[in-house]
Amino acid sequence: MMTLLSNKRFLLFLLSASLLQACHMVFYGFSTLHWRAAGIDETTIGILWSLGVVAEIVLFSQGNRVVNRLGPMGLLTLAGLGGLIRWTVLGFTTWVPALIVAQTLHAATFGAFHLGAMHYLSRNIPLSLSARAQGLYSSGVTGIAQGAGMLLAGPLYHAFGGYAFLTMGLFSALGIFATRLLARQKA
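These numbers were taken from a predicted model, which means no experiment stands behind them. (Residues numbered from 1 in each chain as written. Predicted model: local features only at pLDDT ≥ 70, side-chain atom pairs only at ≥ 80, totals over all residues. Heavy atoms only, no water.)

A. Examining helix α5 (residues 63-92) more closely. Helix length check: α5, at 30 residues, gives a terminal C-alpha distance of 31 Å against a target of 44 Å (1.5 Å per residue), a shortfall beyond 12%. Its axis deflected by about 95° at G71, α5 carries its strongest bend there, up to four residues before the proline P72. (Helix = DSSP H or I, 4+ residues; strand = E, 2+ residues; numbered from the N terminus. Expected span 1.5 Å × (residues − 1). Bend = angle between axes of the 7 residues up to and from the residue.)

In structure tokens form, the structure reads like this:
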């Protein structure tokens with residue numbers, strides 16, 4: 001495990017991945033409440049949530065082609081760019097047509113991210129360390145980073161309402177920056 005924890009590239013990958021996933025926490029915790037407060041009915045809210053899942057499935061159905069075309073770094077960058085757009089839209093509007101478009105960006109913010117992260121690990125971590133790397137990735141990104149992001153999401157939403165989504169856009173921008181730094185690192 002110390003081999004991974006002393007590897008600057010792996011730590012930079014974990015930072016990038018953490019930022020790109022923690023940016024979802026205001027959405028996961030408060031989007032339904034925000035939309036309900038804006039007068040959007042339960043059926044429409046359910047449709048908005050399902051649109052994100054459908055968009056993700058469509059991306060995964062084309063996964064090999066997308067990975068071959070963009071590679072892991074391109075997919076992680078796409079996730080960040082998708083987040084910049086998605087969280088900005090959610091921060092400024094509750095107009096349902098705009099939300100529909102923003103929800104399809106779940107294919108980028110989660111789907112492209114997941115494909116990029118898994119392919120980054122498989123291409124850059126030796127097989128002998130892959131189980132440890134997956135464990136560190138899972139506990140660090142989906143455990144610690146998302147947990148910390150959710151702890152931050154509550155106070156942000158309480159203080160700023162829908163504008164809290166804009167802070168998630170900042171996380172996306174920082175994730176892009178970390179990803180681009182990672183892409184410039186030598187193996």
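B. Highlighting the packing of aromatic side chains. In this structure the tally under the stated criterion is 9 aromatic pairs. The interplanar angle of 45° and the centroid separation of 5.8 Å between the aromatic rings of F27 and W87 together place this pair among those described as tilted. Placement of the pair is F27 in helix α3 (residues 25-37) and W87 in helix α5, with a sequence separation of 60 residues. Here F27 matches W87 in class, with each residue buried. Considering the side-chain rings of F30 and Y157, the 4.9 Å spacing of their centres and the 10° angle between planes classify their relative orientation as stacked. Of the two residues, F30 is situated in helix α3 and Y157 in helix α8 (residues 130-160); the sequence distance between them amounts to 127 residues. Taken as a pair, F30 and Y157 share a single burial class, namely buried. Aromatic ring contacts, followed pair by pair, group F27, Y28, W35, W49 and W87 into a single cluster. Taking the ring centre of F27 as reference, the NZ or CZ of R86 above it sits at 4.5 Å. (Phe/Tyr/Trp six-rings, centres within 6.5 Å; stacked < 30°, edge-to-face > 60°. Buried < 20%, exposed > 50% of the residue type's maximum accessible area, 1.4 Å probe, protein only. Lys NZ or Arg CZ within 6 Å of the ring centre and 35° of its normal.)

C. Quick peek at a nonpolar patch on the surface. A cluster of nonpolar side chains, namely M1, M2, L5 and L11, defines an oily patch on the protein surface of about 390 Å² accessible area. Locating L11 in the fold gives a position in helix α2 (residues 8-22). (Patch = residues over 30% accessible without salt bridge, like charges linked within 9 Å, V, L, I, M, F, W, Y side chains within 5 Å. Areas by Shrake-Rupley, 256 points an atom, 1.4 Å probe, with all protein chains shown as cover. Salt bridge = Lys/Arg side-chain N within 4 Å of Asp/Glu carboxyl O.)

D. Representation of helix α4 (residues 42-61). Helix length check: α4 (20 residues) gives 29 Å between terminal C-alpha atoms against 28 Å at 1.5 Å per residue, within 8%. Of the surrounding secondary structure, the elements contacted by the buried residues of α4 are α3, α5, α6 (96-104) and α7 (106-124). Residue D41 occupies the N-cap position of α4, its side-chain oxygen lying 3.1 Å from the main-chain nitrogen of T43. (Contact = heavy atoms within 4.5 Å. Polar contact = N/O pair within 3.5 Å; in protein donor to acceptor, adjacent residues only side chain to side chain.)

E. Seen up close, the packing of α3 against α8. For the pair α3 and α8, interaxial distance at closest approach is 7 Å and the crossing angle is 35°. Contact residues: α3 offers M25, V26, Y28, G29, F30, L33 and H34, while α8 offers Q146, G149, M150, A153, G154 and Y157. (Axes fitted to C-alpha atoms, helices over the stretch in contact; angles between N-to-C directions.)

F. Layout of the pattern of salt bridges. One pass over the structure, following the stated rule, counts 1 salt bridge. Across the pair E42 and R36 runs a salt bridge whose closest N-O atoms are separated by 2.7 Å. Residue E42 is classed as partly exposed on the basis of its relative accessible area of 47%. Note on R36: relative accessible area 42%, which makes it partly exposed.

G. Looking closely at the environment of H34. Here H34 shows up in helix α3. Residue class for H34 comes out buried when judged on its relative accessible area of 14%. Distance from H34 to A17, taken between C-alpha atoms, is 26 Å for residues 17 residues apart in sequence. Leaving out residues up to four positions away in the same chain, H34 has contacts with L90, T94, Y157, G162 and F165.

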